[in-house]
Amino acid sequence: MKVLLLVTEAVPYVKVGGLGDVAGALPQALRRAGAEVRVIMPRYGLLDPQALGLRQVRGNFPVTMDWRREECQLWEDPRTGMWFLENQYFFGSRHLVYGNGDEVEQFVLFCRAALEACQLEGWVPDVVHGHDWPAAAAIRLHWAAPGRAGLVFTVHNLAHQGAQRPDGWPLLGVYDGRGAMNLMQQALFCADLITTVSPTYAREIQTPELGFGLDGQLRERADRLVGILNGLDLESWDPSTDQALPARYGPGELSGKRICKQALQREMGLPVEEVPLIGVVSRLDFQKGIDLLVGGLEEILETTSAQVVVLGSGEQGLEDALRRASAANPTRIAAWLGFSAPLSRRIYAGADLFLMPSLFEPCGLSQMIAMRYGTLPVARATGGLVDTIVDCARPEGFGYLFGPYQREAMLEALGRALVDYTDSESWDAARNRAMLADFSWDRAARSYLEVYSRALAYAGHPAAS
Ligand code: ADP
Ligand code: GLC
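Every residue gets a number counted from 1 within its own chain, in the order that chain's sequence is written. Both sets of labels track the order of writing: A upward for chains, 1 upward for ligands. A pLDDT threshold of at least 70 governs which residues receive local features in this predicted model, and a stricter bar of 80 or more applies before side-chain atom pairs are shown or counted, although totals over entire chains, interfaces and linings include all residues. The side-chain values count all of the structure's non-hydrogen atoms but skip hydrogen atoms and water molecules.

### Structural notes on the domain arrangement of the protein
Counted only if it meets this: Segmentation of the chain into domains, including their bounds, is taken from an automatic or database domain assignment. We define buried area as the total accessible area lost by two parts upon association, computed with a 1.4 Å probe and summed across both. Take a side-chain nitrogen of Lys or Arg and a carboxyl oxygen of Asp or Glu: if they are within 4 Å of each other, that pair is a salt bridge. Polar contacts, as counted here, are pairs of nitrogen or oxygen atoms within 3.5 Å of one another; within protein the pair requires one atom able to donate a hydrogen and one able to accept it, and residues that are adjacent in sequence qualify only if both atoms are side-chain atoms.
When cut into domains, the protein gives domain 1 (2-231 + 442-464) and domain 2 (255-438). The centre of domain 1, based on its C-alpha atoms, is set 32 Å off from the matching centre of domain 2. Surface buried jointly by domain 1 and domain 2 totals about 1,400 Å² across both partners, of which 65% is contributed by carbon and sulfur atoms. Area buried by domain 1 at its contact with domain 2 is led by N157, T200 and L229, which between them contribute 25% of it. Our count for the domain 1 to domain 2 interface comes out at zero salt bridges. Seen at the junction of domain 1 and domain 2, the total is six residue pairs in polar contact (both at pLDDT 80 or more).

See the structure below:
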């Protein structure tokens, strides 16, 4: 079965958040499960073809979008088979992945060009699998093609939909569209199957609270909606081999984690003391509950001895609040505002607790990484956090969940964790359970293959029989 994956970020090339992790690991797992997979993403200006050793597969080919005619090129990484779609104006000249102001035009062009490139290369997919709104136009555009492929669309985050003014329709070749064009909505309508990245989030997006205006449409298509929990790239995220760490460790052998903690305290300018260390690695976005963290810092300082380390970037107001808190309490709070993959690894390893008070969380990879590094999560019970964390209220638990989106609830869960922290024997046992939790991709890959087969059948595709 030939599967085309359209993504806008992928490890090891470029990563903004968890989609990059998923797009790096899922194709490999699908290949292990027997699928023939092609992944395509834009060649942004920040990706240097020479440094990456890319080779051009196809020179200029025209792609039409409304009144535009854009020249595109196709590149390939011969080591991984990854395809890169190039267009100088929309991608080559841009150094940001998202937030360019004309993202809807950018990514519709990407989708058009990706489908065109497959045709030109004679690589005809059985399944087209789009990830999040930037790939939604591919589902909508291919839907009308004769003898089309099965169409699968994965929602990684319903909060971002590629909504556009009413004059966006011509980008899809529609000249009598009514209302505002919304790319996510189009894909949810056209996909043979819709998946999202955890079973709990699959239920949540069918409610008005987390449906972001599309819950009604999702309820209507509930029989075509499947929640498949993301996995983790267990090779990349492994504290026993991670070269970014000052010492390595694994389940049953935690002494290296102590060295990681002390090194992290030193690196972040905190006193090297035997106090609980709370880590946060996050986009600073309303989704992530950082306002609860900021609101709770004072009480954490007053009522506990814990230190807090934050790595993140995003909303200016949240960055400023964290900067101020750290400047006012330099021995207790350290904030590194930016994106750093190596530092994130040292935080996952060096912290005792990982705080993730998300307002909503489609899946969340950070808590899985933290657990793999023996760092117990304190997280809000939402989306994939519910599906991956077992609360220490149960004997087999390895984390702490809280329900209401309230500072008090977060502090209560943190309080429970800090009490448990003082009993080193049972704490180590919980850390070992966290490290041994099964987050492999192979289970998810098998579920995607089932979804692909169902999509082929719905599409009436010959490869289905
Ligand atoms: P989301 O995709 O919503 O941001 P996830 O938990 O699924 O949330 O994935 C976030 C990924 O991005 C994790 O791999 C995390 O380590 C990484 N990440 C987030 N912020 C930063 C940062 N400032 N520096 C380095 N890595 C980060
Ligand atoms: C989105 C979600 C996150 C999820 C990631 C990968 O960015 O916010 O919860 O883990 O996609 O699916």
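Right, picking up where we left off after that structure.
### Overview of the site of ligand 2
Note the cut-off: Only heavy atoms are used to decide nearness, and a residue is near a molecule or strand if one of them lies within 4 Å of it. Elements are defined by DSSP. Helices are runs of H or I of four residues or more, strands are runs of E of two residues or more, and each kind is numbered from the N terminus. The nonpolar class holds Ala, Val, Leu, Ile, Met, Phe, Trp, Tyr, Cys and Pro. Asp, Glu, Lys and Arg form the charged class, and all remaining residues, Gly among them, are polar.
By nearness alone, 14 residues border ligand 2, and H156, N230, Q287, E361 and G364 come closest of all. The contact in question runs from an oxygen atom of ligand 2 to an N or O atom on the side chain of Q287, over 2.9 Å. A distance of 3.5 Å is found between an oxygen atom of ligand 2 and a backbone nitrogen or oxygen belonging to P362. No other element matches helix α1 (residues 18-32), which puts three residues into the shell around ligand 2. Grouping the constituent residues of the shell around ligand 2 by class yields six nonpolar, six polar and two charged.

### Describing the site of ligand 1
The test is simple: For every accessible area listed, the method is Shrake-Rupley and the probe measures 1.4 Å; residues are considered covered only by the protein chains on display.
Close to ligand 1 lie 22 residues, the nearest being K15, G18, D21, R283 and Y348. A distance of 3.1 Å is found between a nitrogen atom of ligand 1 and a backbone nitrogen or oxygen belonging to S340. Compared with its free state, where it exposes 560 Å², ligand 1 has 93% of that area covered by protein. Looking at the shell around ligand 1, the elements with two or more residues in it are α1, β10 (277-284), β11 (307-314), α12 (341-350) and α13 (366-372). Among the elements that line the shell around ligand 1, the one with the most residues is β10, at three residues. There are two domains that each give the shell around ligand 1 at least three residues, and those are domain 1 (2-231 + 442-464) and domain 2 (255-438).

### What about helix α5 (residues 136-143)?
Our working rule: Each residue is assigned to one of three classes by its accessible area relative to the maximum for its type, calculated with a 1.4 Å probe on protein chains only: buried under 20%, partly exposed between the two thresholds, exposed over 50%. Throughout, a contact is declared for two residues whenever any of their heavy atoms are within 4.5 Å.
Of all eight residues in α5, seven are buried; the element is thus mostly enclosed. Along its buried surface, α5 packs onto β1 (2-6), α4 (103-121), β6 (127-131), β7 (150-155) and α6 (183-190).

### Side note on helix α10 (residues 290-303)
Selection criterion: One less than the number of residues in a helix, times 1.5 Å, gives the span that helix is expected to have. To obtain the bend at a residue, axes are fitted to the seven residues ending there and to the seven starting there, and the angle between these axes is taken.
When the terminal C-alpha atoms of α10 are compared, their 20 Å separation across 14 residues agrees well with the 20 Å that a helix rising 1.5 Å per residue should span. Its maximal kink placed at G296, α10 deviates by approximately 40 degrees. Taken residue by residue, α10 has I290, L292, L293, G296, L297, I300 and L301 as its buried positions.

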